[in-house]
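These are the residues of each chain, in order.
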Amino acid sequence: MAEATLEQSDVMRTADGTPLKVSIARAMRRNKLMALALIAPLFLFILFSFLIPIVDMSFRSIDNSVIPEVLPRTVAALEDWDGQDLPPEEAFAALAADMKAGRESREIGKVATRLNYEMSGMRGTVMGSARRIAKVEEGPYKEALIDANKDWGDLATWQLLKRVSSPYTLGYYLNAVDLRYDTQGNIEAQPDFRQIYVDLFLRTFWMSILITGLTILLGYPIAHLLATLPLRYSNLLMILVLLPFWTSLLVRTTAWIVMLQSEGVLNDMLVWIGVISDDARPQLVYNKIGTIVAMTHILLPFMVLPLYSVMKTIPPSYMRAARSLGANQVTAFVKVYIPQTLSGIGAGSILVFILAIGYYITPALVGGTTGTLISNQIAYHMQQSLNWGLAAALGVILLGTVIALYFIYNRLVGIDKMKLG
Amino acid sequence: MKKTLRYTTVSLAGAVALTFAASAQAVELNVVSWGGAYTASQLKAYHQPYMEANPGVTLNSLDYSGGLAEVRAQSEAGNVTWDLVDVVVADAIRGCDEGLFMEIDHDAMLAAAPDGSPASKDFLEGTLSDCFIPQIIYSTAFAYRTDAFKGDQPKTMADVFNLEKFPGKRTLQRAPINNLEWALIADGVDASEVYDVLDTPEGVQRAFDKLDTIKDEVIWWTEGAVPAQLLADGEVVFGTGYNGRLFSAIEEEKQPLAIIWDGQVLDIDGWAIPSGGQNKDEVLKFVKYATDTQRLADQAKYISYGPARNSSLPLVGKHAELGIDMGPHMPTKYADQGFLTDFQWWADNRDELNERFEAWLQQ
């Protein structure tokens, strides 16, 4: 009893007798709710327009539910099949029944499309057989199906069906890194003439790194000039840097085509000066050079602006101090000035690199064969071939690599040191 | 005061009644097409006369850049807002397989020819497919600069592949479709046998080998406006393009270009109706009107694409603005020099050949 009284008197209370802790928590909760309400619109916006679609899209890269859903009887019939010889009549009958039902519900086409990703020509096999088997009333279905399309007499077709009967697949990821399943279900390399994605990923990365490096080389002196010039000159220069931002991306890209093409402004000038002869005009666009030049130009402001904002904060007295302590101009610049701009270089690099890695329309227009990037293939599979599974797999690999690079960057440089302005 | 109030009530009730009546009648249809000169020709030939004849129907014309991504997204979200889409036949087949488009009973849903023959007989042979309502025949053909060569001018597909006789850069579409066919034709395969040859691995290899001979001289285009531009700038001496765009470069912009009809690939463009839309009956009414004999012939007044009906061909007249007789500019007039693309074959083989083509480009 005495202890309890002691405890009670220990607790600090407000004027109305509620414990101070409770009262503070109540007041804080109101603030927290207010804060949550303020960020709620942005949070919900990001959730619905960004996170959910990305998760949904990523899921497509392993989703294979269409086969078990549309061909349930076939999947069940093939469960115990050993894959050595053609399956028994029950499997043929099950496939025929699934095809008839799939034709009724108009779902069979999805199966045809899905199987065609794995083996070219399966679309025609499935659609044609489904059409013909619809007229067959009774078995034996084995002969009827093989008669409808001889592919059903081929062991490889059935091995394919068994392999894709699970609701999940790694097939899209394999395809995205130039691998595939052989008929036995082992992973093997695609034949040489179908290997494209690994090379495109590598090219995307090294070109993005190169473009980032070029923007540092070109942007650093400009940013330095901007930060040190008197205000009225630097304002004018700033407008020149920002001007491209206010011009449409397509216009800027097309302008580069006009500049660089072999009958274009640059080549005409070089011929006129006499540097090159008229019939030996170099190809400067529709290849790597075109993509690198156009993208470096378009992404330059993303490097200049963070650099400028960092350089603006470096007092000129530091350089003078270094000089007065005996360093020459170069040493002072390398040892005193550059280290202070590292955060700006880091911020600019990460901006430019991440933008470059996903760039799409500029490479499509000026890239020709050697200057297009992985994003062009992703767009192709999203819009043209409708192979969203493969597009998702390519996208997830790209996203994963960027996140991995971000963590490496964070470990090496530290993301907290990054300054955007 | 009382009187005013009563008037107000009456007029309010009247307004409400009118609104209800109007909303019961008014239908808005979202019709999606390619934009530019093509949509303009459709507006003049189909949309405007239809809306004048049916005041209750509003046709909203929307643009897209092809492909089925949007249609599939709408279908999966269960909210189909596009009532009618203008598609190339390859996409119509792909979408039909996936159940994205409504199946069409051509004879029951489309207008018969003026002489009474049913739609399935009147549309050009081989153009109909399950979910697809043909509209125009366009072709992809080569054009060349008439000022590029002295003496003999190129006339055949073999000439296009002949770098010795006709040197200079070419521009081709960055896709295997058409290019493989042309390579085989230039290599001496008859147009009627192209797909039989392509159906064998050796045939595909033969096509790629032939393409290898001009590879170094090719600029590959992906956007449809590019080839005409490259030809106009003198960047290339040969270029493939859609005949409608080539027509406007030659006749409207007076570029020194000529079309090589030999080996032209005919392709079909038309309507498909996304399944799951709210206005099926109204859409079908519009489609029946827009694909009748006279309407298809009318469209050729505004753009040089051939109508997909046999009965429309004799009705094709002069260009509405240029006053040129459009008959000689219809790709269908030169049909015997080209061939109809085998869209079923491409639907089966496109994915694999696209990868192979891209890999070949990188070599």
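## A look at the overall build of chain A
- Of the regular secondary structure elements, chain A holds 20 helices and 2 strands.
- In terms of C-alpha radius of gyration, chain A reaches 32 Å, well past the compact-globule figure of 22 Å for 421 residues.
- Projecting the C-alpha coordinates of chain A onto the three principal axes gives extents of approximately 105 × 95 × 35 Å.
- By residue count, 34% of the 421 residues in chain A fall in the buried class.
- For chain A, the share of sequence-separated contacts (at least 6 apart) that also reach a separation of at least 24 residues comes to 66%.

## Things to note about the overall build of chain B
- For chain B, the count of helices and strands is 15 helices and 10 strands.
- Projecting the C-alpha coordinates of chain B onto the three principal axes gives extents of approximately 95 × 45 × 45 Å.
- By the burial criterion, 45% of the 363 residues in chain B qualify as buried.
- The contacts of chain B with a sequence gap of at least 6 include a subset with a gap of at least 24, amounting to 74%.

## Re the pairing of strand β8 (residues 257-272) of chain B
All names here are of chain B.
- The element β8 is largely enclosed, with a buried count of 13 among its 16 residues.
- Judged from the 4 bridges that link them, strand β3 (residues 84-88) and β8 form a sheet pairing that is antiparallel. Its bridge partner lying in β8, V88 is registered against D269.
- Sheet analysis places strand β4 (residues 133-145) next to β8, joined by 11 bridges and oriented antiparallel. The partner of F142 across the bridge, within β8, is I260.
- Relative to strand β10 (residues 339-340), β8 is paired through 2 bridges, and the arrangement is parallel.

## Here we look at the nonpolar core
- Residues L299 and L394 of chain A together with L84, A92, A143 and A272 of chain B are the most contacted members of the largest nonpolar core, which totals 147 residues.
- The biggest single contributor to this core is helix α15 (residues 288-311) of chain A, with 12 residues.
- If we skip the residues at most four places from it in the chain, A272 of chain B touches V85, V87, A92, G95, F101, C131 and F132 of chain B.
- If you look at the next biggest cluster of nonpolar residues, it comprises 30 residues, including L71, V111, M122 and M127 of chain A.

## Re the confidence of the model for chain B
All names here are of chain B.
- Per-residue pLDDT for chain B has a mean of 88; in total, 93% of the residues score no lower than 70.
- Overall, residues 1-5 carries pLDDT values under 50, and its contacts beyond four positions in sequence, including any with other chains, amount to 0 contacts.
- Across residues 16-24 the pLDDT falls below 50, and counting only partners more than four positions away or on other chains, this stretch makes 0 contacts in the model.
- At the level of chain-chain contacts, confidence expressed as ipTM amounts to 0.77, with global pTM at 0.83.

## As for the confidence of the model for chain A
- Within chain A, residue pLDDT values average 88, and 96% of them lie at 70 or more.
- Of the regions scoring below 50 in pLDDT, residues 1-6 of chain A engages in 0 contacts with residues more than four places distant in sequence or in other chains.

## Observations regarding the interface of chain B and chain A
- With 31 residues of chain B in contact, the opposing surface of chain A contributes 32 residues.
- Broken down by secondary-structure element, the contributors of at least two residues to the side of chain B that touches chain A are α3 (69-77), α4 (89-97), β6 (218-221) and α15 (343-362) of chain B.

## Quick notes on the domain arrangement of chain A
- According to the domain assignment, chain A consists of domain 1 (66-162) and domain 2 (197-417).
- Taking only C-alpha atoms, the centre of domain 1 of chain A and the centre of domain 2 of chain A are 52 Å apart.

## Some details on helix α20 (residues 388-412) of chain A
Residues and elements named next belong to chain A.
- The end-to-end C-alpha distance of α20 is 36 Å, a good match for the 36 Å that 25 residues give at a rise of 1.5 Å each.
- Residues of α20 that are buried sit in contact with α2 (20-60), α10 (171-176), α11 (197-228), α17 (329-357) and α19 (374-384).
- Backbone geometry just downstream of α20 places G414 in the positive-phi region, at approximately 95°.

## Overview of the domain arrangement of chain B
All names here are of chain B.
- The domain architecture assigned to chain B consists of domain 1 (2-136 + 269-321) and domain 2 (138-267 + 339-362).
- Its C-alpha centre places domain 1 at a distance of 33 Å from the equivalent point of domain 2.
- With 4 residues, the single largest contributor to the side of domain 1 that touches domain 2 is α4.
- Tallied by class, the residues present in the side of domain 1 that touches domain 2 amount to 8 nonpolar, 2 polar and 2 charged.

## Topic: the environment of W34 of chain B
All names here are of chain B.
- Looking at the secondary structure, you find W34 in the loop between β1 (27-33) and α2 (36-53).
- Between the alpha carbons of W34 and L340 there is a distance of 22 Å; along the sequence they are 306 residues apart.
- Those residues in contact with W34 that lie beyond four places of it in its chain are T39, D63, G66 and D86.

## Remarks on unusual backbone geometry
- Although it is not a glycine, R106 of chain A adopts a positive phi angle of roughly 60°.
- By the element assignment, R106 of chain A lies in the loop between α5 (89-105) and α6 (108-118).
- If you check the backbone angles, N178 of chain B has positive phi at about 75° while not being a glycine.

## Details of the pairing of β4 of chain B
All names here are of chain B.
- Burial runs high along β4: 12 of the 13 residues are buried.
- As paired strands, β4 and strand β9 (residues 306-307) are joined by 2 bridges and run antiparallel to one another. Bridge assignment links I136 to a residue of β9, and that residue is P307.
- Here 5 bridges tie β4 to strand β7 (residues 238-242), and the two strands are oriented antiparallel to one another. Each bridged residue has a counterpart across the sheet, and for Y144 the counterpart in β7 is F238.

## Comments concerning helix α12 (residues 243-252) of chain B
All names here are of chain B.
- In terms of residue burial, α12 counts as a mostly covered element, since 7 of its 10 residues are buried.
- If you check which residues of α12 are buried, you get N243, G244, R245, L246, F247, A249 and I250.
- Turning to α12, the residues buried within the fold contact β4, α11 (226-233), β7 and β8.
- After α12 finishes, the residue K254 shows a positive phi value of roughly 55°.

Criteria and cut-off values
- Residues numbered from 1 in each chain as written.
- Chains lettered and ligands numbered in written order.
- Predicted model: local features only at pLDDT ≥ 70, side-chain atom pairs only at ≥ 80, totals over all residues.
- Helix = DSSP H or I, 4+ residues; strand = E, 2+ residues; numbered from the N terminus.
- Rg over C-alpha atoms; globule rule 2.2 N^0.38 Å.
- Buried ≥ 20, exposed ≤ 12 C-beta atoms within 10 Å, placed from the backbone.
- Contact = placed C-beta atoms within 7 Å.
- Pairing = 2+ DSSP bridges.
- Core = buried A, V, L, I, M, F, W, Y, C linked by C-beta atoms within 7 Å.
- pLDDT = per-residue confidence, 0-100.
- Domains from an automatic or database assignment.
- Expected span 1.5 Å × (residues − 1).
- Nonpolar A, V, L, I, M, F, W, Y, C, P; charged D, E, K, R; others polar.

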